[in-house]
Amino acid sequence: MNNNYILDFFDTNKPCPGFVKNCEQLRSEYLKELKDNTTGQCSSCFARIVRDKYIEILLNNNNLS
């Protein structure tokens, strides 16, 4: 398996990768957390922190079917 599924997860124009457990829910949580944490100063800093958090979740084997 290659890591394109990570890019696909973050690309909301693409369907959620099917083998990621609860992908739609996880993506929804990511987008909400991103929206809630990227207002004000250093929004790109928070966006990076949120993105990195979800990359770790995706790389965790427990989240793959």
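Please read all numbers here as calculations on a predicted model, not as lab measurements.

Trainee: Can you explain helix H2 (residues 23–37)? Please cite residues and give values.
Mentor: The terminal C-alpha atoms of H2, which comprises 15 residues, lie 21 Å apart, in line with the 21 Å expected from a rise of 1.5 Å per residue. Looking at the buried side of H2, the elements it contacts are helix H1 (4–10) and helix H3 (43–59).

Trainee: Summarise the environment of leucine 59; cite the residues concerned and give the values.
Mentor: By the secondary structure assignment, leucine 59 is in helix H3. The exposure class of leucine 59 is partly exposed, given its relative accessible area of 40%. Distance in space between the C-alpha atoms of leucine 59 and isoleucine 6 is 8.3 Å, their sequence separation being 53 residues. Not counting residues within four places of it along the chain, the set of residues in contact with leucine 59 comprises Tyr5 and Ile6.

Trainee: Describe the nonpolar core, and please don't skip the residues or the numbers.
Mentor: Core analysis: the largest hydrophobic core is formed by 12 residues, namely Tyr5, Ile6, Phe9, Cys16, Val20, Cys23, Leu26, Tyr30, Leu34, Val50, Tyr54 and Leu58. Secondary structure elements with two or more residues in this core: H1, H2 and H3. When residues of this core are assigned to their parent elements, the largest contribution, four residues, is made by H2. Contact partners of leucine 26, with chain neighbours within four places excluded, come to Phe9, Val20, Tyr54, Ile57 and Leu58.

Cut-offs applied
Residues numbered from 1 in each chain as written. Predicted model: local features only at pLDDT ≥ 70, side-chain atom pairs only at ≥ 80, totals over all residues. Heavy atoms only, no water. Helix = DSSP H or I, 4+ residues; strand = E, 2+ residues; numbered from the N terminus. Expected span 1.5 Å × (residues − 1). Contact = heavy atoms within 4.5 Å. Buried < 20%, exposed > 50% of the residue type's maximum accessible area, 1.4 Å probe, protein only. Core = buried A, V, L, I, M, F, W, Y, C linked by side-chain atoms within 4.5 Å.

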